[in-house]
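Spelled out from the first residue to the last, the chains are:
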Amino acid sequence: MDFNLTEEHLMIQQAARDFAQNELLPGVIERDEKQIFPTEQVKKMGELGFMGMMVDPKYGGSGLDAISYVIAMEEISKVDASASVVMSVNNSLVCWGLQEFGTEEQKQKYLPGLASGQIHGAFCLSEPEAGSDATSQKTTAIDMGDHYLVNGTKNWITNGGTASVYLVIAQTHPELKHKGINALIMTKDMPGFSIGPKEQKMGIRGSDTHSLMFTDVKVPKENRIGEDGFGFKFAMKTLAGGRIGIASQALGIASGAYELALKYSKERKAFGTEICNHQAIAFKLADMAVNIEAARHLCMKAAWDKDNHKNYDVSGAMAKLFASQTAMDTSVEAVQIHGGNGYVKEYHVERMMRDAKITQIYEGTSEIQKIVISRAVIAG
């Protein structure tokens, strides 16, 4: 085992850190408060190669490994989780899904724009009655010969209003249950495709979350990903990698909150000394540091499994489960260490606490991760 980052990894870390501090930090409070999508910042992430990190250079991507992706996600999430979730969805779910399972024609058509950040994508699985139970797809894609006719509703779609490419999971053969589900590439200019109002969220308020409605949308057969009935397997395989991205986001939120709390504890004085010198605060910092380091190792292990073509279902689930809990615990303690200042926006940690909660919910709740992990350990 070698725990050292390569020179390339260190360069990526520094580039992501500089971008987060110089481009994301200014205005991050206002974007959160007013729910402003980080349009210009997302474009710059694309220019720096952060929107298609694992995409083959022949399709316009950076051609980097999953460890590089974890490193960049952590640094960007330290400052702005709303921006990092755009990056995560585009990399883990949309670009990776298309590159891994799409036809050559689909890759040539969509990946260059997505990988460069000129456009970005959305992954459309959740529905009013299909969240954790992804098999219960009510959105239908009726086979009409040369095209599918799509009807239904998708909920909680990140990048729902700003994306250009949508990967939509829909049921074609209900009698086959999950084996009758397909994955289709859709675009918002297709007639019958409509976008609902922006969701009013507790956290990641700068990200763009909408419901999508489809009314007799005609989707050409060549827009199907994989063989007929491959959609559910496509969704599960894609989400397994997506969990590494969200685990890295959670890690970044935790490490960002910790760094702010540590800095504040060395400046704030109480009872004649800096509060970091009080055991009550020092022990909080120790717990935070240990959990963040453990979360980072779990994220790196899952990324290493992916890079080495090993099964990363369980390691990804473990990383997401632990890192999301660490994000929640660390951000709450960061607010506590800041005292009254932690409760106001200008110190950032209250936003991080609100942002942290969603990492325990989207791309598979913590309870779903425990199902994945427990099944694996019981099966041996």
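Residues numbered from 1 in each chain as written. Predicted model: local features only at pLDDT ≥ 70, side-chain atom pairs only at ≥ 80, totals over all residues. Heavy atoms only, no water.

Here's the deal with the overall build of the protein chain
The test is simple: Numbering of helices and strands starts at the N terminus; helices are DSSP runs of H or I of at least 4 residues and strands are runs of E of at least 2. With C-alpha atoms as the basis for the radius of gyration, the globule rule is written as 2.2 Å multiplied by the number of residues raised to the power 0.38. Working definition: with a 1.4 Å probe on protein chains only, accessible area under 20% of the residue-type maximum means buried, over 50% means exposed, and in between means partly exposed. Per-residue and other accessible areas were derived by the Shrake-Rupley procedure at a 1.4 Å probe size, with only the shown protein chains allowed to occlude residues. Counted as positive: Lys and Arg. Counted as negative: Asp and Glu, with His and the chain ends omitted from the count. By convention, the charge on Lys lies at NZ, on Arg at CZ, on Asp at CG and on Glu at CD.
Assigned secondary structure in the protein chain consists of eleven helices and nine strands. A globule of 380 residues ought to have a C-alpha radius of gyration of about 21 Å, and the protein chain, at 21 Å, matches this closely. A buried classification covers 55% of the 380 residues belonging to the protein chain. Carbon together with sulfur atoms contributes 55% to the accessible area of the protein chain, which is approximately 16500 Å² in total. Side-chain charges in the protein chain split into 39 positive and 46 negative, and the spacing between the mean points of these groups amounts to 3 Å.

Description of the environment of Met352
Note the cut-off: Contacts are residue-level and defined by heavy atoms, with any inter-residue pair within 4.5 Å sufficient.
Mapped onto the elements of the fold, Met352 is located in helix H10 (residues 349–358). Each C-alpha atom, one on Met352 and one on Val332, is 8.7 Å from the other, the two residues being 20 residues apart in sequence. In contact with Met352, other than residues within four places in its own chain, are Lys78, Ile253, Gly256, Ala257, Leu260 and Ser331.

Structural notes on empty space enclosed by the protein
Basically, it comes down to this: Detection works on a 1 Å grid of protein atoms alone, calling trapped sets that fit a 1.4 Å probe cavities and calling open sets with protein on both sides within 12 Å along at least five of seven lines pockets, with lining residues defined by an atom within 4 Å of a point. Grid points are joined across faces, edges and corners, and a volume is the space filled by probe spheres set on the points.
Counting across every chain of the model gives one cavity of 30 Å³ or more. Estimated volume of the largest cavity: approximately 50 Å³. Contributing to the lining of the largest cavity are Val28, Arg31, Asp32, Ile36, Pro38, Asp80, Ser82, Gly206, Arg351 and Asp355. Within the residue set of the lining of the largest cavity, elements represented by two or more residues are helix H2 (28–34) and H10. With three residues, H2 is the single largest residue contributor to the lining of the largest cavity.

Here we look at the packing of helix H1 (residues 7–24) against helix H3 (residues 39–47)
How two helices sit against one another is set out by the angle between their axes and by the gap between those axes. Test applied: Throughout, an axis means a line fitted to C-alpha atoms (over the contacting stretch in the case of helices), and angles, computed between N-to-C directions, take values from 0 to 180 degrees. If an angle is under 35 degrees, it is roughly parallel; if it is over 145, roughly antiparallel; if it lies from 65 to 115, roughly perpendicular; otherwise it is oblique. The crossing is said to be left-handed when, going from far helix to near helix, the turn is anticlockwise and less than a right angle, and right-handed when the turn is clockwise. By the convention adopted, Pro, Cys, Tyr, Trp, Phe, Met, Ile, Leu, Val and Ala count as nonpolar, Lys, Arg, Asp and Glu as charged, and the other residues, Gly among them, as polar.
Following both chains from N to C, one finds H1 and H3 inclined at 155°, their axes separated by 11 Å at the closest point. Compared by their axis directions, H1 and H3 come out roughly antiparallel. When you trace H1 past H3, the crossing you get is right-handed. Across from Phe19, Glu23 and Leu24 in H1, the residues of H3 making contact are Gln41, Lys44 and Met45. The residue inventory of the contact of H1 with H3, partitioned by class, reads three nonpolar, one polar and two charged.

A look at the UniProt feature "domain: Acyl-CoA dehydrogenase/oxidase N-terminal" (unreviewed entry) in the protein chain
Counted only if it meets this: UniProt positions are given in the numbering used here, feature names are shortened, and annotations may be inferred rather than shown by experiment.
Feature annotation in UniProt assigns "domain: Acyl-CoA dehydrogenase/oxidase N-terminal" (unreviewed entry) to the following positions: residues 6–118. Taken end to end, residues 6–118 comprises 71% helix and 0% strand; its first and last C-alpha atoms sit 29 Å apart.

Comments concerning the UniProt feature "domain: Acyl-CoA oxidase/dehydrogenase middle" (unreviewed entry) in the protein chain
As annotated in UniProt, the feature "domain: Acyl-CoA oxidase/dehydrogenase middle" (unreviewed entry) corresponds to residues 122–217 in the numbering used here. Split by type, residues 122–217 is 0% helix and 49% strand. Its first and last C-alpha atoms lie 17 Å apart.

Quick notes on the pairing of strand E3 (residues 147–158)
Within a regular strand, side chains alternate between the sheet's two faces. Condition: Two strands qualify as a pair provided that DSSP identifies no fewer than 2 bridges between them.
Buried residues dominate E3, accounting for nine of its twelve residues. Where strand E2 (residues 140–143) meets E3, four bridges bridge the pair, whose relative direction is antiparallel. Within the sheet, the bridge partner assigned to Ala141 lies in E3 and is Val150. Here E2 folds back onto E3 in antiparallel fashion, the turn holding three residues, of which Gly145 has a positive phi close to 100°. The pairing of E3 with strand E7 (residues 209–220) spans nine bridges and is antiparallel. Residue pairing for E7: His147 is matched across the bridge by Pro220.

Focus: the packing of helix H4 (residues 66–77) against helix H7 (residues 231–267)
Across the interface, H4 lies against H7 with an axial gap of 7 Å and an inter-helix angle of 40°. Comparing their axes, H7 and H4 come out oblique. Our pair here, H4 against H7, has a crossing hand that is right-handed. Note on element contacts: H7 touches H4 through Ile244, Gly245, Ser248, Gln249, Leu251, Gly252, Ile253 and Ser255, opposite Tyr69, Val70, Met73, Glu74 and Ser77. Of the residues assigned to the contact of H4 with H7, the class counts are six nonpolar, six polar and one charged.

Examining the layout of surface pockets
Estimates place the volume of the second largest pocket at around 550 Å³. Around the second largest pocket, the lining is made up of 17 residues, and of these Asp2, Phe3, Leu5, Ile67 and Met300 lie nearest the centre. Those elements that place two or more of their residues in the lining of the second largest pocket are H1, H4 and helix H8 (279–307). A per-class count over the lining of the second largest pocket returns seven nonpolar, five polar and five charged.

Let's talk about the packing of aromatic side chains
Stated precisely, the cut-off is as follows: Classification of ring pairs rests on two measures: the distance between centres of Phe, Tyr or Trp rings, Trp counted by its six-membered ring, which must be within 6.5 Å, and the angle between planes, read as stacked under 30 degrees, edge-to-face over 60 and tilted in between. A ring has a charge above it when a Lys NZ or an Arg CZ is no more than 6 Å from the ring centre and no more than 35 degrees off the ring normal.
Applying the stated criterion across every chain, the model contains nine aromatic pairs. Consider the rings of Phe101 and Phe234, whose centres lie 5.8 Å apart with planes at 80°: the pair is edge-to-face. Of this pair, Phe101 sits in helix H5 (residues 81–101) while Phe234 sits in helix H7; the two residues are 133 residues apart in sequence, bridging distant segments of the chain. A relative accessible area of 22% means that Phe101 is categorised as partly exposed. Relative accessible area serves as the criterion here: at 0%, Phe234 is assigned to the buried category. Three or more aromatic residues joined by ring pairs make a cluster, and in this case those are Trp96, Phe101, Phe123, Phe230 and Phe234. Just above the ring of Tyr148 sits the side chain of Lys221; from NZ or CZ to the centre is 5.3 Å.

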